[in-house]
Amino acid sequence: MLRRNRGIQTLYKRGGLYLLGIIVLFISIGILTTIKPAYRLSSEVITNLTSDIDSSTFLYLLGMENRVYREAYPDDKRMPKISSALLQVATSVKPNDPRSLLGNELPGFSEFDSRILIAGEGTNYTNLPMESSPPLEDVLKDRDAVVKETEKGGEVDKEKNEETEDMPTTGDRDVVYIYNTHNRESFLPHLPGVTDPNQASHKEVNITMVSDRLADSLEKNGIGTSVDDSDIMSILNGKGWSYGKSYDASREVAAEALATNKEIQYVFDLHRDAIGREKTTKKLNGENYARIMFVVGLEHPNHEKNLKIATELHHLIEKKYPGLSRGVITKAGAGVNGIYNQDLTENALLVEVGGVGNNMDELYRSADAIADVFSEFYWDAEKVDANAEGE
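What comes next concerns the included structure.

So, how was this worked out
Residues numbered from 1 in each chain as written. Predicted model: local features only at pLDDT ≥ 70, side-chain atom pairs only at ≥ 80, totals over all residues. Heavy atoms only, no water. Helix = DSSP H or I, 4+ residues; strand = E, 2+ residues; numbered from the N terminus. Contact = heavy atoms within 4.5 Å. Areas by Shrake-Rupley, 256 points an atom, 1.4 Å probe, with all protein chains shown as cover. Phe/Tyr/Trp six-rings, centres within 6.5 Å; stacked < 30°, edge-to-face > 60°. Buried < 20%, exposed > 50% of the residue type's maximum accessible area, 1.4 Å probe, protein only. Lys NZ or Arg CZ within 6 Å of the ring centre and 35° of its normal. Expected span 1.5 Å × (residues − 1). Pairing = 2+ DSSP bridges. Axes fitted to C-alpha atoms, helices over the stretch in contact; angles between N-to-C directions. Parallel < 35°, antiparallel > 145°, perpendicular 65-115°, else oblique. Nonpolar A, V, L, I, M, F, W, Y, C, P; charged D, E, K, R; others polar. Right-handed = clockwise from strand over helix to strand, strands pointing away. Patch = residues over 30% accessible without salt bridge, like charges linked within 9 Å, V, L, I, M, F, W, Y side chains within 5 Å. Salt bridge = Lys/Arg side-chain N within 4 Å of Asp/Glu carboxyl O. Core = buried A, V, L, I, M, F, W, Y, C linked by side-chain atoms within 4.5 Å.

## Regarding the overall build of the chain
(1) Moving on: Secondary structure summary: the chain contains 13 helices and nine strands in total.
(2) Moving on: Partitioning the intrachain contacts of the chain with sequence separation of at least 6 by distance along the chain shows that 75% fall at a separation of at least 24.
(3) Moving on: Of the accessible surface of the chain, which amounts to about 22600 Å², a share of 53% is contributed by carbon and sulfur atoms.

Structure (structure tokens):
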């Protein structure tokens, strides 16, 4: 009798708990479905909360329900700790990544909180692109610059030979637009007496020369290209803006170009890195090239399409010029721009071409390589579009 009474009491307790659980579930569902949209947890909020959790954690949870997923669980991964996962969601601090803590505490350290989407040869968190942030008055200073005759570039030889007679062309349409947000970024080998990367700026000998070379190479491959020659630094000075407002100033220039030329299909914003040449130089076939890296901002709706084209070009470059691309990184959050004007068009690219220690010969070789690969990419895409229209 006593055992039966205890069994009945246990049954009542369990039944009460189940009933309470069902009531709480229905109340929660009712609140979530009737609350104003402004107060709901959006998918973006949930994504931000869970973005710092290792993806293997979710795979492990799926494996608890379906054994098929356990087969895909990495052998070198241990069972994730619930405490670590909860800590990451609550604080965005990763126990195995000190950057997640230091980035929130040390001024300027958040610059290193970029995400490596695709790591090129040797790329890791110790050698990500660094952006110079000099005072505008230093950027505008007059400095001496030296460029050898062989490094002056000039137009790429456009003489047609038998192989290029039937080359496709965009005719009088300029379908590629190139500009430079940090247009006075220069290179130490061409600035006598300058050793500080933050002082490596010049009004003429700078990244715009690389843009001109890229345009000439694209034109050689039949792709009409225009290069904007706006001095963004002078625009900043005229508006009384700081160097940190560079993308706001260049946005006006790029937006106007897109509005006035509806033929533009691709937009390049070329920069140079501020890290040393040992990280930004690659020898291919006995000659030095300035390595490149693609940067994509995540804080705009077009970022997935921008990522797609950056990823495709990285792989194409790696196939033809192994080691030239340092990879694809993404940026978002406090301390970075996060947009880089890439919301203006889905085919916008920010490319770091070389570093502060590279010279023009190396930079021009890389510009030619980019044009070579991009031209193949462009004309292949045009063939696909033409076939689709024909169907």
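Text resumes after the structure shown.
## Some thoughts on the packing of aromatic side chains
(1) Moving on: By the definition in use, this model includes 10 aromatic pairs.
(2) Moving on: Relative to Phe374, the ring of Tyr266 has its centre 5.1 Å away and its plane inclined at 85 degrees; by these criteria the two rings are edge-to-face. Pair noted here: Tyr266 is in strand S4 (residues 266-273) and Phe374 is in helix H13 (residues 360-390), with a separation of 108 residues, a long-range link.
(3) Moving on: The buried category is assigned to Phe374, whose relative accessible area is 1%.
(4) Moving on: An aromatic cluster is built from Tyr266, Phe268, Phe374, Phe377, Tyr378 and Trp379, whose rings are joined through pairwise contacts.
(5) Moving on: Residue placement shows Lys239 over the ring face of Trp241; its charged tip is 5.0 Å from the ring centre.
(6) Moving on: Sitting over the face of the ring of Trp241, Lys245 holds its NZ or CZ atom 5.0 Å from the ring centroid.

## A word on helix H12 (residues 303-320)
(1) Moving on: Over its 18 residues, H12 extends 26 Å from the first C-alpha to the last, a length consistent with the 26 Å expected when each residue adds 1.5 Å.
(2) Moving on: Of all the positions in H12, only Asn306, Leu307, Ile309, Ala310, Thr311, Leu313, His314 and Ile317 are classed as buried.

## Describing the sheet that holds strand S1 (residues 115-119)
(1) Moving on: If you trace the seven strands from one edge of the open sheet to the other, you get S1-S8-S7-S9-S4-S2-S3, paired in mixed fashion. Only two strands of the sheet have a single partner each, and these edge strands are S1 and strand S3 (225-227). Neighbour-to-neighbour, the strand axes of this sheet turn through a mean angle of 25 degrees, independent of strand direction.
(2) Moving on: Inspection of the sheet shows S1 paired to strand S8 (residues 325-331) by four bridges, in the antiparallel sense. When the sheet's bridge partners are listed, Ile116 is paired in S8 with Ile329.

## Quick notes on the packing of helix H9 (residues 232-239) against helix H10 (residues 246-260)
(1) Moving on: For the pair H9 and H10, interaxial distance at closest approach is 9 Å and the crossing angle is 110 degrees. Judged on the interaxial angle alone, H10 and H9 are roughly perpendicular. Contacts between H9 and H10 involve Ile232, Met233, Ile235, Leu236 and Lys239 from the first element and Ser246, Ala249, Ser250, Glu252 and Val253 from the second.
(2) Moving on: Among the residues making up the contact of H9 with H10, the classes are represented as six nonpolar, two polar and two charged.

## Observations regarding the pairing of S8
(1) Moving on: Of all seven residues in S8, seven are buried; the element is thus mostly enclosed.
(2) Moving on: Pairing of strand S7 (residues 292-297) with S8 involves five bridges; the strand directions are parallel. If you follow Gly297 over to S8, its bridge partner there is Lys331.
(3) Moving on: Of the crossover connections in this fold, the one passing from S7 over H12 to the parallel S8 is right-handed.

## Points about a nonpolar patch on the surface
(1) Moving on: A contiguous nonpolar patch, built from Leu19, Ile23, Ile27 and Ile31 and spanning about 380 Å² of accessible area, is present on the exposed surface.
(2) Moving on: In this fold, Leu19 is placed in helix H1 (residues 2-34).

## Examining the nonpolar core
(1) Moving on: Among the nonpolar cores identified, the biggest contains 46 residues, and Val176, Leu214, Phe268, Leu270, Phe294 and Phe374 are the most heavily contacted of them.
(2) Moving on: The set of elements that each furnish at least two residues to this core consists of strand S2 (176-179), helix H8 (207-220), S4, strand S6 (287-290), S7, H12, strand S9 (348-355) and H13.
(3) Moving on: Per-element tally for this core: the top contributor is H13, with 12 residues.
(4) Moving on: Residues within four places of Leu214 in sequence aside, it is in contact with Ile178, Phe268, Leu270, Ala367, Ile370 and Ala371.
(5) Moving on: In this structure, Val139, Tyr243, Val253 and Ala257 belong to the second largest nonpolar core, which totals 15 residues.

## Focus: the pattern of salt bridges
(1) Moving on: Enumeration according to the criterion identifies 16 salt bridges in this entry.
(2) Moving on: Its salt-bridge partner being Arg251, residue Asp343 comes within 2.8 Å of it at the nearest N-O pair. Separated by 92 residues along the polypeptide, Asp343 in the loop between S8 and S9 and Arg251 in helix H10 bring together distant segments of the chain.
(3) Moving on: Judged by relative accessible area, Asp343 falls into the partly exposed class, the value being 26%.
(4) Moving on: Residue Asp372 is joined to Lys320 by a salt bridge in which the shortest nitrogen-to-oxygen separation is 3.0 Å. Placement of Asp372 in helix H13 and of Lys320 in helix H12 is noted, with a sequence separation of 52 residues between them.
(5) Moving on: Given a relative accessible area of 40%, Lys320 falls into the partly exposed group.

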